[in-house]
Amino acid sequence: MTTWFPVALMTAFAALVVGLMVTINAIVGPRSRDPVKGEAFECGNPPSGSAWRRFSVHFYLTAILFLVFDVEVVFLYPWAVTIRQLGATGLVEAGIFIVLMLAGLIYALRRGMLDWS
Amino acid sequence: MQALGPLILSWRSVLAPGIVALTAVVTMLVGSGLSEDESESVGWIALTGLVAAAIASLAASGDHIVTFGGSLIIDDYTAFFYLLIPVCSAVVVLFSFDYVAALGLPATEYYALLLFATTGMMLMAGAGDLIVMFLGLETMSISAYVMAAMAQRDPKSSEAGLKYFLLGAFSTGFLLYGIALLYGATGSIKLEAVAQMVRKHSIALSPFVLLGLGLILVGFGFKVAAAPFHVWTPDAYEGAPTSVTALMAVGIKLGAFAGFIRVLLIYLAPLHAQWSGVLWALAALSMTVGNLAALAQENIKRMLAYSAIAHAGYILVGMTAGRSEVGPALLYYLLGYAFANLGAFAVLVAVEQAQQSGTKLDDLSGLARNHPMLAAAMALFMLSLMGMPPLAGFVGKFYIFSVALESRYVWLVIIATLNSVVSAYYYARVIVAMYMREGAERQAQTRQPTLLFALAVAALATVIIGLLPHPYISASSAAYASAEQVLRPATAALQTK
Amino acid sequence: MPLGIFAFFATLAVISALGVILQRSPVHSLLALIVTLLCVAALMIGLDALAVGLLQAIVYVGAIVVLFLFVIWLLNLERDPEESGRLGIKLLAAVGAAALVGELTAFLTRTHMSQQTVNSDYGSMAQLAGLIFGNYLIAFEVTSLLLLVAVVGVVAVARRWPSPRLANRPPTLSAKPQT
């Protein structure tokens, strides 16, 4: 636990700095609020339509793909730190996993999941 | 424990599910490389893989051995389901060929997910720890959710997928929480260690174990569609493409019951006093709700959904008894149930295509005149589901009820018998519609050799398993006895009849 | 773990968890959820469960929350979410929550927790690797199948498939009006 003391200190320090900056800015900074300032900036044009609208399902496909490979990384992390102890066995075991995920990637590519045209 | 040695010795337990999983990956890769038109032929890859897996299931038979540190179990029980599940999936593939094209389903995804679902079912049957059991269940369920929603132009299909997914995911949460509590109380996720801990009185009755047991019952109750956890069933069965409904009614139930029976009847047997009351209520409710609601259905898929709930109830009657004599009866019952249902859905698939109609009762009117073969097959499956001697459904029901009676669950058996009588009405209604009502003149039948073959397999199995039950009963007994060896290593072999 | 650090993260976790359910905008709820998850991760690390804490940060904050965000965007959120639920339902929910708290308290006080001394590397990445690639190998490999199902499944559901190619067949069989 004591090894984590520097990390905790660092976190606390970061929080302190950020908190100070935000607070000082809020107290001493100039403020002017009017409807025009509150508008979303769209290259100078008046904003049109609502920002709350449906996004393409394609984002979702990409997110799923990201999630899948993120989880893969999570599983490979323990393998990476003990790669020497696990040796050939670990290589075979992780290899099966990686090959399966690779098959998933090839499939996703062929189905155009990463194709944005 | 962690060397490569056991890995090589353990190939027997992963061979069959491994073949199915590998076939799924091959299907996925090959199919996505082909054009839409060509990709329908990947069904043959799927079929080959399933047949190979069914043959490879022999490798898993033998005496009870745990492999991979207890993750997978080799015994005749595993082998029984390693054989039955791919065969059922193969029958589904056989009657899917034209249907997938007709509905415009993406063939590659359809077959790949079917194979993944099959892998999950097999893993549930062979699982020796609760993690693998859970992963198998998830693999099976998630594939099924997607397959139910696959007919994109049909809003009912999307509705089915969504309802199935939401309630299924919810129930998975219950199951997982139950597993976590059981793990917390016993300190192990391996079924064998859990069973040993549970045999100690002090742990068995701790609140954590009891709550975990309760949540696990709820989770499995959802998966096998037992009342009161059945509300998703009619809509999901009705909306899904009919071939997917067949997979849901047969494969999912086989996988879920394989896991459920093994966990509850074998490993959690010491807690029989705690769970038998709950199962009693589930069984009585499932039979009654299923059969009464089935009476009012006009759509045959919906009717079969309620019939599936009722059949889950009959199986739960056997599980309530909880004695080791009931194990073979349960396995035999599943055998008969699987083929009768597969056949019934195959007929529906054929009718939908041949007549270009829906699956309402009226659509079957006059089927005996237009398609005498289909009508005869459907009548056979209905009679078996009804429990008419000498078909498989009758023998199974009789077997389960008589063991339950021996175990002094008299009231439950009375409820079950009354329910069987009620069920005769709605199964007979189908036969009446086919043979005694006039239907519109329909177009000629489309010839589909694979579908006819699937029908023939299901019909033959239903008749043979019922007429000559002994080999199947002794196979069921051997399977169950070898799973029970974990409890009584020395005497289990002698108990086999 | 020093009491002060525990109190800090625990309080922050509870406050941000309240933020998740009290915010009106779902995106704000999501941001609060990120803080909750990070606090829980910190608490886990404080308990020397380093691997679990890190995985919590990577998987939940890194991936699951992103997915939630896309789901929120995917749903149409043009209107302000209405005040949902009548008083009766709220009352029922409150009773249910109270029952859950009471139940958990009862369980925690009644159950005897056994205390075990564990090795200093308990919960470390290396130990986790030993388990994943040892006793739980099958679970690890099956996870990859589950991930593949996710990839295939999302394509099957979300991708637009061409309409049925066979001209002599009706466009959909089961989509016929079934009243």
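Everything numeric here is computed off the predicted structure, so don't read it as measured data.

### Some points on the overall build of chain B
Then, number 1: Counting its regular elements, chain B contains 22 helices and two strands.
Then, number 2: Its C-alpha atoms give chain B a radius of gyration of 21 Å, within 12% of the compact-globule value 23 Å for 497 residues.
Then, number 3: For chain B, the spread of C-alpha atoms along the three principal axes comes to 70 × 55 × 40 Å.
Then, number 4: Going through the 497 residues of chain B one by one, you find that 66% of them count as buried.
Then, number 5: Taking the contacts inside chain B whose residues are at least 6 apart along the sequence as the reference set, 79% of them involve residues at least 24 apart.

### Topic: the overall build of chain C
Then, number 1: Helix and strand counts for chain C stand at six helices and zero strands.
Then, number 2: Its helices and strands in sequence order give chain C the pattern α-α-α-α-α-α, from N to C terminus.
Then, number 3: Relative to its 179 residues, chain C shows a buried fraction of 25%.
Then, number 4: A sequence separation of at least 24 residues applies to 54% of the contacts in chain C between residues at least 6 apart.

### What to know about the domain arrangement of chain C
Then, number 1: Here the domain parsing of chain C yields domain 1 (1-76) and domain 2 (124-160).
Then, number 2: Put simply, the middle of domain 1 of chain C and the middle of domain 2 of chain C, counted by C-alpha atoms, are 23 Å apart.

### Description of the interface of chain C and chain B
Then, number 1: Each partner contributes residues to the interface: chain C has 37 residues there, and chain B has 46 residues.
Then, number 2: Taken together, the residues that form the side of chain C that touches chain B break down as 23 nonpolar, 10 polar and four charged.

### Quick notes on the nonpolar core
Then, number 1: Within the largest apolar cluster, 256 residues are counted, with the highest numbers of intra-cluster contacts made by L113, L114, L247, L254, A346 and I400 of chain B.
Then, number 2: Counting the residues that make up this core, at least three belong to each of domain 1 (1-76) and domain 2 (124-160) of chain C.
Then, number 3: Counting residues in each nonpolar core, the second largest holds 10 residues, with L33, C39, M44 and I45 of chain C among its members.

### Quick word on the interface of chain B and chain A
Then, number 1: Contacts between chain B and chain A engage seven residues on the former and seven residues on the latter.
Then, number 2: Top element by residues in the side of chain B that touches chain A is helix α2 (residues 11-33) of chain B. It accounts for five residues.

### Observations regarding helix α1 (residues 5-28) of chain A
Then, number 1: Compared with an ideal rise of 1.5 Å per residue, which puts 24 residues at 34 Å, α1 of chain A spans 34 Å between its outermost C-alpha atoms and is within 8% of the ideal.
Then, number 2: For α1 of chain A, a buried count of zero out of 24 residues is recorded, marking the element as mostly open to its surroundings.

### A look at unusual backbone geometry
Then, number 1: Following A227 of chain B, the chain continues into P228 of chain B via a peptide bond in cis, with omega recorded as 0°.
Then, number 2: Among the structural elements, P228 of chain B can be located in the loop between α10 (207-223) and α11 (233-239).
Then, number 3: Cis geometry marks the peptide bond from P389 of chain B to P390 of chain B; its omega dihedral reads 5°.
Then, number 4: At D48 of chain C, a residue that is not glycine, the phi angle is positive and equals roughly 70°.
Then, number 5: Note on placement: D48 of chain C falls in the loop between α2 (26-46) and α3 (50-74).

### Quick notes on the packing of helix α13 (residues 272-295) of chain B against helix α19 (residues 410-436) of chain B
All names here are of chain B.
Then, number 1: At a minimum axis separation of 9 Å, α13 and α19 run at an interaxial angle of 15°. As the angle between them shows, α13 and α19 are arranged roughly parallel. Crossing handedness for the pair α13 and α19: left-handed. For the pair α13 and α19, contact is made by W280, A283, A284, M287, T288, N291, L292, A294 and L295 and by L412, I415, A416, N419, V422, S423, Y425 and Y426, respectively.

### Points about the confidence of the model for chain C
Residue and element names in this part refer to chain C.
Then, number 1: In this model, chain C carries a mean pLDDT of 80, and residues with pLDDT of at least 70 account for 82%.
Then, number 2: When the elements of chain C are averaged for pLDDT, α3 gives the smallest value, 83, and helix α6 (residues 137-158) the largest, 92.
Then, number 3: When the criterion is pLDDT under 50, residues 165-179 qualifies, and its contacts beyond four places in sequence or with other chains add up to 30 contacts.
Then, number 4: Per the prediction output, this complex has pTM 0.89; the corresponding ipTM is 0.90.

### A word on helix α14 (residues 300-321) of chain B
Residues and elements named next belong to chain B.
Then, number 1: Along its 22 residues, α14 runs 32 Å from first to last C-alpha, staying within 8% of the 32 Å computed at 1.5 Å per residue.
Then, number 2: With 22 of 22 residues buried, α14 lies mostly within the body of the structure.
Then, number 3: Immediately downstream of α14, the backbone of G322 shows phi near 70°, a positive value.

### Brief notes about the packing of α14 of chain B against helix α18 (residues 392-406) of chain B
Packed helices, taken two at a time, are described by their axes: the angle between them and the distance between them.
Residue and element names in this part refer to chain B.
Then, number 1: Between α14 and α18, the least distance of the axes is 9 Å, while the angle of their chain directions is 35°. Regarding α14 and α18, the two cross each other, and that crossing is left-handed. Touching Y314, V317, G318, T320 and A321 of α14 are K397, I400, V403 and A404, all from α18.
Then, number 2: For the contact of α14 with α18, the per-class residue count stands at six nonpolar, two polar and one charged.

### Focus: the environment of A107 of chain B
All names here are of chain B.
Then, number 1: Among the secondary structure elements, A107 is positioned in helix α5 (residues 107-126).
Then, number 2: Residues A107 and A350, spaced 243 residues apart in sequence, show a C-alpha to C-alpha distance of 18 Å.
Then, number 3: Ignoring any residue separated from it by four or fewer positions in sequence, one finds A107 in contact with G31, S39, E40, V42, G43 and V100.

### Brief notes about the environment of S141 of chain B
Residue and element names in this part refer to chain B.
Then, number 1: Assignment of secondary structure puts S141 in helix α6 (residues 130-148).
Then, number 2: According to the C-beta neighbour criterion, S141 is buried, with 25 such atoms within 10 Å.
Then, number 3: Note: C-alpha distance between S141 and A56 (85 residues apart in sequence) is 24 Å.
Then, number 4: Not counting residues within four places of it along the chain, the set of residues in contact with S141 comprises G168 and T172.

Rules of the game
Residues numbered from 1 in each chain as written. Chains lettered and ligands numbered in written order. Predicted model: local features only at pLDDT ≥ 70, side-chain atom pairs only at ≥ 80, totals over all residues. Helix = DSSP H or I, 4+ residues; strand = E, 2+ residues; numbered from the N terminus. Rg over C-alpha atoms; globule rule 2.2 N^0.38 Å. Buried ≥ 20, exposed ≤ 12 C-beta atoms within 10 Å, placed from the backbone. Contact = placed C-beta atoms within 7 Å. Domains from an automatic or database assignment. Nonpolar A, V, L, I, M, F, W, Y, C, P; charged D, E, K, R; others polar. Core = buried A, V, L, I, M, F, W, Y, C linked by C-beta atoms within 7 Å. Expected span 1.5 Å × (residues − 1). Axes fitted to C-alpha atoms, helices over the stretch in contact; angles between N-to-C directions. Parallel < 35°, antiparallel > 145°, perpendicular 65-115°, else oblique. Left-handed = near helix turned anticlockwise from the far one by under 90°. pLDDT = per-residue confidence, 0-100.

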